[in-house]
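Listed below are the residues making up each chain.
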Amino acid sequence: MREVQINGIKIRPGQVVNIELPIAKLPTHTLIDLPIFIRAAKEEGPVILVSGGVHGDEINGIVTARRVLEEIDAGLELLKGTLIIIPLVNIYGFLSNSRTFPDGRDLNRSFPGSKKGSLAGRIAYILNEEIIPQIDYGIDFHTGGRMLTNHPQIRVDFKDKKGVELAKAFGTHYVVNSKMIDKTFRKAAFKAKKHILVFEGGESMRIDELSTEEGVNGTKRLLNYLGMIAEKPEAKETLILSQSDWVRSRASGIFNSSVKLGDQVKKGQILARISDPYGQVKIPVKAPSNGYVIGLNNLPVINVGEALVHVGKL
């Protein structure tokens, strides 16, 4: 029987275990723990990680991971395997409404980390040493940045064939080809021959019900695909997008979008207009190719070069 062990605690079949993993102290000497929730079925099966809040201001991902936990605890039967759920990874960023750690470092650019490194590096080290070795697959929930909204999508490197298979089983609106970036959670897991899907949906510091619902339902579809639960929510059509690019502003001014998330667009179509505050200048923003709107800037006042509309292509 495969054994799951975190921080020296062995998880036995059928157990419900909550672990508070000590990670560091605040400057006030208040101890910060990393809560980890483990739910094990009686029958052996895959070990799946569900995580949120790697970036502390991405609240929607935290809510999504928490809701998965709530559904399991409310009676969604786990037929086999083990779920490891970490709703909030970056507690420091959460406390300060920040994407990063107090020293400005991004946890998702700090892997594999170091036991004696920066604060972000130390948390990355804990995840790399305590969590990644235990899992088979994972779903890491993220959102867009501040004032940038993402339509629900799974990002996966198309070179990772198992990852693509899992992404299709997750079954959300879009599966987007996204190359792995060095020092990320996903890349560290892949080096260990594990596969983590990155879910993107909504905007940081906002709760987006569509993204939350899609994240929970996609997780259920994936768990069903792996034989871990009986429930399988109905999936909408999933489009496989081989490439995606942000259309950037050619001028500064007031940004007024004429498209919505999820819209299909054609090459040359006007996506938005940029004007000066007085209505004397109006500059069209056109689609560079056929595709689908998978990300959108919500900021009305923009500067030249800023990302405006994210277009994914088949």
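Here is a short report on the structure shown in this document.

Here is what the cut-offs are and how they apply
Residues numbered from 1 in each chain as written. Predicted model: local features only at pLDDT ≥ 70, side-chain atom pairs only at ≥ 80, totals over all residues. Heavy atoms only, no water. Helix = DSSP H or I, 4+ residues; strand = E, 2+ residues; numbered from the N terminus. Buried < 20%, exposed > 50% of the residue type's maximum accessible area, 1.4 Å probe, protein only. Areas by Shrake-Rupley, 256 points an atom, 1.4 Å probe, with all protein chains shown as cover. Pairing = 2+ DSSP bridges. Contact = heavy atoms within 4.5 Å. Polar contact = N/O pair within 3.5 Å; in protein donor to acceptor, adjacent residues only side chain to side chain. Core = buried A, V, L, I, M, F, W, Y, C linked by side-chain atoms within 4.5 Å. Expected span 1.5 Å × (residues − 1).

**Describing the overall build of the chain**
So, point 1. A count of helices and strands for the chain gives six helices and 19 strands.
So, point 2. The C-alpha extent of the chain, read off along each of the three principal axes, is 70 × 45 × 35 Å.
So, point 3. Among the 314 residues that make up the chain, the fraction classed as buried is 54%.
So, point 4. A total of about 14400 Å² of accessible surface is found on the chain, and carbon and sulfur atoms cover 50% of it.

**Some thoughts on the sheet that holds strand β13 (residues 253-257)**
For sheets, the rule is that strands pair by backbone hydrogen bonds, running either parallel or antiparallel.
So, point 1. With respect to topology, four strands assemble into an open sheet ordered β16-β15-β13-β18, the strand pairing being antiparallel. A single partner strand is all that each edge strand has here, and the edge strands are β16 (282-286) and β18 (301-302).
So, point 2. Pairing of strand β15 (residues 270-275) with β16, which is carried by five bridges, proceeds in the antiparallel orientation. The residue of β16 that forms the bridge with S275 is K282.

**Considering the environment of F141**
So, point 1. Note that F141 resides in strand β7 (residues 137-144).
So, point 2. C-alpha separation for the pair F141 and G52, spaced 89 residues apart in sequence, amounts to 4.9 Å.
So, point 3. Apart from residues no more than four positions distant in its own chain, F141 is found in contact with V50, S51, G52, G53, E58, G61, T64, A65, F170, F199, G215 and T219.

**What about the side chain of T219?**
So, point 1. Positionally, T219 belongs in helix α6 (residues 209-225).
So, point 2. You can call T219 buried: its relative accessible area is 1%.
So, point 3. A polar side-chain atom of T219 sits 2.8 Å from the main-chain carbonyl oxygen of G215.
So, point 4. Setting aside chain neighbours within four positions, we find T219 in contact with V50, V68, I139, F141 and F170.

**Here's the deal with the nonpolar core**
So, point 1. Formed by 40 residues in total, the largest nonpolar core has its most connected members in I36, I84, I86, L107 and L127.
So, point 2. Among the elements that line this core, the one with the most residues is helix α3 (residues 119-131), at six residues.
So, point 3. In contact with I86, not counting residues within four places along its chain, are L34, P35, I36, L49, V50, S51, G52, L127 and I131.
So, point 4. Formed by 30 residues, the second largest nonpolar core is a distinct cluster that contains V50, L166, V175 and M228.

**What to know about α3**
So, point 1. For α3, built from 13 residues, the straight-helix expectation of 18 Å at 1.5 Å per residue is met to within 8% by its first-to-last C-alpha distance of 18 Å.
So, point 2. For α3, the set of buried residues is A120, G121, I123, A124, I126, L127, N128 and I131.
So, point 3. Considering only its buried residues, α3 is in contact with β1 (4-6), β3 (16-25), β4 (31-40), β5 (43-52), β6 (80-86) and α5 (185-191).

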